[in-house]
Amino acid sequence: MIYFLVNNEYHLLDVYNHCDQISDLDKSLIIIPHNFNYDNRKISEKTNFTTIYRYKSPFRGWRFFNIFEIKGVCQQIEKELFICKNDVLFVYTEYEILNQYIIKIFKKKGAMIYVIEDGGLPTYLTFNIDNDGSFSLKEMIKLFFVNRILKWDHVRFLKYNEIIFPQIEDKYLDGVLLYFKLTIRRNINTYFILKDVEKLALDEESAIFLNERIYDYYCSKEEYLSLLGDALRKITGKFRKVYFKFHPREHEEDQLWQLHVINKYPVEIINDPKPFEVLLDNLKTRYVFSFLSAALLNSYFYGAIPVYIYHHYEILRKNKIFCDIDKLLMSLGYRYIDVNYDNINEIGFQPGNGNDKEVEFKTFKEFLRCVYMCDDEALDPAGRCKGPV
């Protein structure tokens, strides 16, 4: 059985693309919802999963220390999932601690576990960094609870730019599947697979701005309003049609204080909760602007041009996370937009970017065939199948 473990709707869209290639194989879906509005009936209409499992994470918000709820969910998981050594689990993120629990029980049964790139930059950043700060008392209490009280010693915390990223020990993962040719520092095999999606016919005279909650981490709200106003002024001055989309996790009160700047410019606000990849097919915008949005990198595969603009603003440019993003994008041959947006026809990923380097990118089906035909040494870290066992 092939299992996919998802937490967000854009994970599910990626699963759909892979399932189109393996319609003849048995597969099941595990959902631990974060931002997820699809019901089981709607999912089943799209893909023929053998079973769809749903589990509510006990590690979100104030419920983090509810040991009775945690034990109850874990018992339900172990009762419902019948795992054997021939199974393969594909997961998109370790950030959800319950994901890590499921990874561990799959590994205990001898199954193989692979992480699939989580929308681009989040995977590349967190797989290439070390702890850069000491834990706060609250963070130490949480880690003590997980490691000592629950006895989940496979969980570790990575602190980066004052943000905690839960990670599982590398030994529990058989590999990570990437869509771009980039290296990682973790001791995990890296494989490269094709993003098998159709290029869209997009409008060269339209653009969309994807908002991000960077005012919670990298600048004040007052500073953000200044950045946002400057960006919208320049974008609306260049394009016939401009859309604006708030981040899915921006609350109404956060939207309200931004609207008095947004409403100064001729933009159409998109309130549709669907994943951006679905909206792109409807809006047809060639250019996708943002300071940081994870959707930018993914939009490239659909034929859009991702436009990063954080480098125009010193308060962002000097921040550690944006310095690290710079290194990643430069290694992919990304060309930034200039401060006046005069080089709009020259930006984006250029010939010679990371995906043009000499490496074999496999389809998902080809990779899966190698997993079942080859032992761990036969499938080398470049994604090539050396031969059957």
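Structure: see above.
These figures come from a predicted structure and were not determined experimentally.

Undergrad: Can you walk me through the side chain of His311 in this structure?
TA: Assignment of secondary structure puts His311 in the loop between strand S14 (305-308) and helix H11 (314-317). Assessed through its relative accessible area of 16%, His311 is described here as buried. A polar contact of 2.8 Å, which involves the side chain of His311, links it to the backbone oxygen of Ile337. Ignoring sequence-local partners within four residues, the contact set of His311 consists of Arg317, Tyr336 and Ile337.

Undergrad: How should I be thinking about the pairing of strand S10 (residues 203-210) in this particular structure?
TA: Here S10 runs beside strand S13 (residues 285-290); their pairing, made up of four bridges, is parallel. Residue Asp203 lies in a different strand from S13, and its bridge partner there is Thr285. In this sheet, strand S11 (residues 241-245) lies alongside S10 in parallel orientation, the contact comprising five bridges. Directly across from Leu210, in S11, lies its bridge partner Lys245. Assessed by its sense of winding, the connection that carries the chain from S10 through helix H7 (residues 221-236) to S11 is right-handed.

Undergrad: What is the right way to look at the environment of Asn189 in this model?
TA: You can see Asn189 is positioned in the loop between strand S8 (175-178) and strand S9 (190-192). A polar atom in the side chain of Asn189 sits 3.3 Å from the side chain of Tyr191.

Undergrad: Even after reading the chapter, I still don't get the nonpolar core, so can you show me in this structure?
TA: In globular proteins that are soluble, nonpolar side chains generally tend to be buried together. Among the nonpolar cores identified, the biggest contains 147 residues, and Phe90, Phe106, Phe209 and Phe289 are the most heavily contacted of them. Ignoring sequence-local partners within four residues, the contact set of Phe209 consists of Tyr224, Leu228, Ala231, Leu232, Ile235, Tyr243, Phe244, Lys245, Phe289, Ser290, Phe291 and Ile309.

Undergrad: In this structure, what is going on with the pattern of salt bridges? I would like to understand it.
TA: Here the idea is simple: oppositely charged side chains can pair when their charged atoms come close. What the rule picks out here adds up to 23 salt bridges. A salt bridge links Lys104 to Asp153; the nearest nitrogen and oxygen atoms lie 3.7 Å apart. Here Asp153 lies in the loop between helix H6 (137-149) and strand S6 (155-160) and Lys104 lies in helix H4 (residues 97-108), a separation of 49 residues in the sequence. Judged by its relative accessible area of 25%, Lys104 is partly exposed. Lys274 is the partner of Asp272 in a salt bridge, and the nearest nitrogen-oxygen pair spans 3.1 Å.

Undergrad: Whenever I open this one, the environment of Asn7 confuses me. Can you help?
TA: You can see Asn7 is positioned in strand S1 (residues 2-8). Since its relative accessible area comes to 0%, Asn7 is described here as buried. Each C-alpha atom, one on Asn7 and one on Thr93, is 8.1 Å from the other, the two residues being 86 residues apart in sequence. With near-sequence residues (within four places) excluded, Asn7 lies in contact with Ile32, Pro33, His34, Asn35, Phe36, Thr93, Glu96 and Asn99. For Asn7, the side chain forms a polar contact with the side chain of Asn99, separated by 2.8 Å.

What counts as what
Residues numbered from 1 in each chain as written. Predicted model: local features only at pLDDT ≥ 70, side-chain atom pairs only at ≥ 80, totals over all residues. Heavy atoms only, no water. Helix = DSSP H or I, 4+ residues; strand = E, 2+ residues; numbered from the N terminus. Buried < 20%, exposed > 50% of the residue type's maximum accessible area, 1.4 Å probe, protein only. Polar contact = N/O pair within 3.5 Å; in protein donor to acceptor, adjacent residues only side chain to side chain. Contact = heavy atoms within 4.5 Å. Pairing = 2+ DSSP bridges. Right-handed = clockwise from strand over helix to strand, strands pointing away. Core = buried A, V, L, I, M, F, W, Y, C linked by side-chain atoms within 4.5 Å. Salt bridge = Lys/Arg side-chain N within 4 Å of Asp/Glu carboxyl O.

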